[in-house]
Amino acid sequence: MTSGEQIGAALAKALKSAAAEWKKGEQAPVMYRTNLLDVPKVDGLKRDDGWVDMQVQFLIDKKSAGANHVVGWTVLKPGARHVNHRQHNCDEFFIVLKGKGMIYTDHGDKPSSEGDVVYSPRGCWHGFNNTSTEDVVLVWGWMGAGSIEDSGYEVHPESNK
């Protein structure tokens, strides 16, 4: 079976399963839509927990959309950073939409700039530091967790020293 046939078979199986659930009287899924301007910035993100001067919005998450993932928007002003951290229960990606800085990796800090797409599987240490004089804008997501609490978030022990 080709990979296209495998994907088609998997989609058919998922649709058949969803249709069977709907027949049992469950409500069909409903699309969720919001606008960046309508989503408040997340309050209570602490510097000691690795959120250093970041402006974070959870555009889609368990609370807003009942999702088992998060799609977020972050603005890092000059000097802002998300310290080296990891999630035990989800994978993360981010896309640098604007600006440049340094990403934390298992092999030291590496330059990052507009257009970079970064994927960190669960358990992988990562982070971002805006070392420039301009804002950095990231769109990012957690796959497999709909909230910080569900993500298994952990700050690297060396990050706050």
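Located above this text is the structure these notes cover.
Residues numbered from 1 in each chain as written. Predicted model: local features only at pLDDT ≥ 70, side-chain atom pairs only at ≥ 80, totals over all residues. Heavy atoms only, no water.

**Some thoughts on the overall build of the protein chain**
For step 1, the next point in the chain: Across its full length, the protein chain carries three helices and nine strands.
For step 2, the next point in the chain: In sequence order, the secondary structure elements of the protein chain are arranged as α-β-α-β-β-β-β-β-β-β-α-β.
For step 3, the next point in the chain: Its C-alpha atoms put the protein chain at 55 × 40 × 30 Å along the principal axes.
For step 4, the next point in the chain: Counting across all 161 residues of the protein chain, residues that qualify as buried make up 35%.
For step 5, the next point in the chain: Looking at the protein chain alone, contacts between residues at least 24 apart form 69% of all its contacts between residues at least 6 apart.
For step 6, the next point in the chain: Approximately 9900 Å² of the protein chain is accessible, and the part contributed by carbon and sulfur atoms is 54%.
For step 7, the next point in the chain: For the protein chain, the separation between the mean place of its 18 positive charges and that of its 21 negative charges on side chains is 3 Å. (Helix = DSSP H or I, 4+ residues; strand = E, 2+ residues; numbered from the N terminus. Buried < 20%, exposed > 50% of the residue type's maximum accessible area, 1.4 Å probe, protein only. Contact = heavy atoms within 4.5 Å. Areas by Shrake-Rupley, 256 points an atom, 1.4 Å probe, with all protein chains shown as cover. Lys, Arg positive; Asp, Glu negative; His and termini not counted. Charge placed at Lys NZ, Arg CZ, Asp CG, Glu CD.)

**Considerations on empty space enclosed by the protein**
For step 1, the next point in the chain: Taken as a whole and judged by the stated rule, the model has one cavity of 30 Å³ or more.
For step 2, the next point in the chain: In this model, the largest cavity occupies a volume close to 150 Å³.
For step 3, the next point in the chain: As for the largest cavity, its lining consists of 15 residues, and the residues nearest its centre are Met54, His82, Glu92, Leu138 and Trp140.
For step 4, the next point in the chain: Looking at the lining of the largest cavity, the elements with two or more residues in it are strand 1 (51–60), strand 2 (69–87), strand 3 (91–98), strand 7 (126–129) and strand 8 (136–143).
For step 5, the next point in the chain: Taken together, the residues of the lining of the largest cavity sort by class into eight nonpolar, six polar and one charged. (1 Å grid on protein atoms, 1.4 Å probe; cavity = no way out; pocket = protein on both sides within 12 Å on 5 of 7 lines; lining within 4 Å. Points joined across faces, edges and corners; volume = space filled by probe spheres on them. Nonpolar A, V, L, I, M, F, W, Y, C, P; charged D, E, K, R; others polar.)

**Notes on the packing of aromatic side chains**
Any aromatic ring pair is given by two values, namely how distant the centres are and how the planes are angled relative to each other.
For step 1, the next point in the chain: By the definition in use, this model includes five aromatic pairs.
For step 2, the next point in the chain: Aromatic pair tryptophan 51 and tyrosine 153: ring centres 5.4 Å apart, planes at 20°, arrangement stacked. Within this pair, whereas tryptophan 51 is found in strand 1, its partner tyrosine 153 is found in strand 9 (residues 153–155), the two being separated by 102 residues in sequence.
For step 3, the next point in the chain: Judged by relative accessible area, which is 7%, tryptophan 51 ranks as buried.
For step 4, the next point in the chain: Aromatic side chains phenylalanine 58 and tryptophan 140 sit 5.6 Å apart centroid to centroid with 80° between the ring planes, which places their arrangement in the edge-to-face category. With phenylalanine 58 in strand 1 and tryptophan 140 in strand 8, this residue pair connects regions lying 82 residues apart in the sequence.
For step 5, the next point in the chain: Relative accessible area serves as the criterion here: at 6%, tryptophan 140 is assigned to the buried category.
For step 6, the next point in the chain: An aromatic cluster of three or more residues is present, and its members are Phe58, Trp140 and Trp142. (Phe/Tyr/Trp six-rings, centres within 6.5 Å; stacked < 30°, edge-to-face > 60°.)

**Things to note about the pattern of salt bridges**
For step 1, the next point in the chain: Tallied over the full model, the rule gives five salt bridges.
For step 2, the next point in the chain: A salt bridge links aspartate 53 to arginine 47, with the shortest nitrogen-to-oxygen separation between them at 3.1 Å.
For step 3, the next point in the chain: In this structure aspartate 53 comes out as partly exposed when scored by relative accessible area, which is 47%.
For step 4, the next point in the chain: Across the pair arginine 86 and glutamate 154 runs a salt bridge whose closest N-O atoms are separated by 2.8 Å. Of this pair, arginine 86 sits in strand 2 while glutamate 154 sits in strand 9, and the two are 68 residues apart along the sequence.
For step 5, the next point in the chain: Glutamate 154 sits in the partly exposed class, given a relative accessible area of 26%. (Salt bridge = Lys/Arg side-chain N within 4 Å of Asp/Glu carboxyl O.)

**What about the nonpolar core?**
For step 1, the next point in the chain: In terms of nonpolar packing, the biggest core is built from 22 residues, with Leu76, Phe94, Phe128, Leu138 and Trp140 touching the most fellow members.
For step 2, the next point in the chain: Of all the secondary structure elements, the ones that give two or more residues to this core are strand 1, strand 2, strand 3, strand 8 and strand 9.
For step 3, the next point in the chain: With five residues, strand 1 is the single largest residue contributor to this core. (Core = buried A, V, L, I, M, F, W, Y, C linked by side-chain atoms within 4.5 Å.)

The values are spatial; any link to function lies outside them.
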